[in-house]
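Chain and residue survey
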Amino acid sequence: MILIELLQAVLLLAGVGFFLVGTLGILRFPDVYTRVHALTKADNLGLGLIVFGLLLGADSVPVALKLLLVWGLALIASATAGYLVARAARRRGVRPWRARNWEKG
Amino acid sequence: MNGLLEAVALLLLVTLVLGLIRIWRGPTIADRMLAAQLFGTTGVGLLLVLAELQQIAALRDVALVLALLAVMAVLAFVARVWRRDPEDGTEEDPPA
Amino acid sequence: MTEQRHAVDRSSRVSVYVLRLGILLAVWWIVSGSHSDWWFGLPLAMVAAALSLWLAPPARFLLRPHQIPQFAGFFLWQSLLAGWDVARRTLSPSLPLQPEILRLPMALPPGAPTWWLMLTITLLPGTLSVRLSRQRVLEVHCLDARLDVAGSVRETEAHLARLFGVQLLPTEDGRRQ
């Protein structure tokens, strides 16, 4: 029981950590495209970790499945939104930011 | 456990507030859309944590509806973007 | 000939209806919780399934159920790597980014498999779908051009081809244009 609560705590805190990273990413990254990367990946993982953390304490099967359903919907929504934002930016001719010391690897 | 959930909820709220800076600074509409997307995902997470913390099962349904609304918002955005230029990828400019 | 095709079409519509009805009933069970009210849920699901058949005709591509666990495992592990990758770059003071837009020809058939690919790679490490041209070339924005982006996209394509049970179409060799 203690072990499960510990695992829950780890998952929840890691989830919040990724949310913080996602927000920090959209503040620090240089252009729209890179910000989309930061947001979609970090926030979805953050939500996923929180969902799995809460899942361990869920008191019934429908509640657990509902948590997963919410995560699935959020994944689809943010992957679609990320793609659409990137496409809209590209169509308006927003040039992707490039590193100054750019090298082909 | 409750103390931890409270801390988690509080930190999620902090990320929401920090996201406001991006809406304020922009510079493009797309950046502001991104902050809106951040609100959607973080809001869903916050609602799920609050549902557990306060033992209000209905908040999970609110989270579900918020996630669904996020899909709707995306669809609305699609409709607008597609109306603006229906031709898909005919103008192919090489990346800078 | 036409009659036969009609019959096949009808039976496939019935099976699609049953499938969607099943999914909707499962969703009803999840949403309404442990004390589900089936007197309301069942008719609602039946009407909704009929409506969905009218609004969205049967898909040409169906997921193969026995492939779902493997794909889910791949997806979860890659999401973890993606979040970790972004976190590492965000927290590093020097902000190690080498973004570039790559143009990759698609090997999956048009429709659902291609959509899945575009959404999946947006959630995978370092890649973001930007635009799909009519010539079926996908523009992918990558966070770090030094990584093997084309290779990981191709790996995702192979996973999706297995998930949908479809063949990959041939593309010109050297997917980078």
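A quick note: this is a predicted structure, and the numbers were derived from the prediction, not measured.

**Quick notes on the interface of chain A and chain C**
Contact with chain A, which involves 41 residues of that partner, is made by 45 residues of chain C. A buried area of about 3,700 Å², summed over both sides, lies between chain A and chain C, and 74% of it is on carbon and sulfur atoms. Of all residues in chain A, the largest losses of buried area upon contact with chain C belong to R28(A), K41(A) and Y83(A), amounting jointly to 18% of the total for that side. Summed over the shared surface of chain A and chain C, the number is one salt bridge.

**A few points about a nonpolar patch on the surface**
A grouping of F52(A), V61(A), L65(A), L68(A), W29(C), W38(C) and L76(C) is seen on the molecular surface, where their side chains present a nonpolar patch of about 570 Å² in accessible area. Top contributing element to the nonpolar patch by residue count: helix α3 (residues 61-91) of chain A, with three residues. Among the secondary structure elements, V61(A) is positioned in helix α3. Residue V61(A) is classed as exposed on the basis of its relative accessible area of 52%.

**Considering the domain arrangement of chain C**
Domain boundaries in chain C define domain 1 (10-55) and domain 2 (65-164). Just the C-alpha atoms count here: the centres of domain 1 of chain C and domain 2 of chain C sit 33 Å apart.

**Considerations on the pairing of strand β1 (residues 100-105) of chain C**
Residue and element names in this part refer to chain C. Counting buried positions along β1 yields five of six residues, so the element is predominantly enclosed. Here six bridges tie β1 to strand β3 (residues 137-142), and the two strands are oriented antiparallel to one another. The residue bridging R103 from the neighbouring strand is E139, located in β3.

**Comments concerning the interface of chain B and chain A**
Listed per partner, the contact involves 51 residues of chain B and 45 residues of chain A. Of the roughly 4,200 Å² buried between chain B and chain A on both sides combined, carbon and sulfur atoms contribute 72%. Three residues, R22(B), L34(B) and Q37(B), lead the burial of chain B against chain A; their summed loss comes to 13% of the area buried on that side. One salt bridge connects K66(A) with D61(B), and the closest N-O pair in it is separated by 2.5 Å. There are two residue pairs in polar contact (both at pLDDT 80 or more) connecting chain B and chain A.

**Observations regarding the side chain of T34(A)**
Along the chain, T34(A) falls in helix α2 (residues 32-55). When sequence neighbours within four positions are dropped, the list of residues in contact with T34(A) reads F29(A), L97(C), P99(C), H141(C) and L143(C).

Basis of the calculations
- Residues numbered from 1 in each chain as written.
- Chains lettered and ligands numbered in written order.
- Predicted model: local features only at pLDDT ≥ 70, side-chain atom pairs only at ≥ 80, totals over all residues.
- Heavy atoms only, no water.
- Contact = heavy atoms within 4.5 Å.
- Buried area = accessible area lost by both parts, 1.4 Å probe.
- Salt bridge = Lys/Arg side-chain N within 4 Å of Asp/Glu carboxyl O.
- Patch = residues over 30% accessible without salt bridge, like charges linked within 9 Å, V, L, I, M, F, W, Y side chains within 5 Å.
- Areas by Shrake-Rupley, 256 points an atom, 1.4 Å probe, with all protein chains shown as cover.
- Helix = DSSP H or I, 4+ residues; strand = E, 2+ residues; numbered from the N terminus.
- Buried < 20%, exposed > 50% of the residue type's maximum accessible area, 1.4 Å probe, protein only.
- Domains from an automatic or database assignment.
- Pairing = 2+ DSSP bridges.
- Polar contact = N/O pair within 3.5 Å; in protein donor to acceptor, adjacent residues only side chain to side chain.

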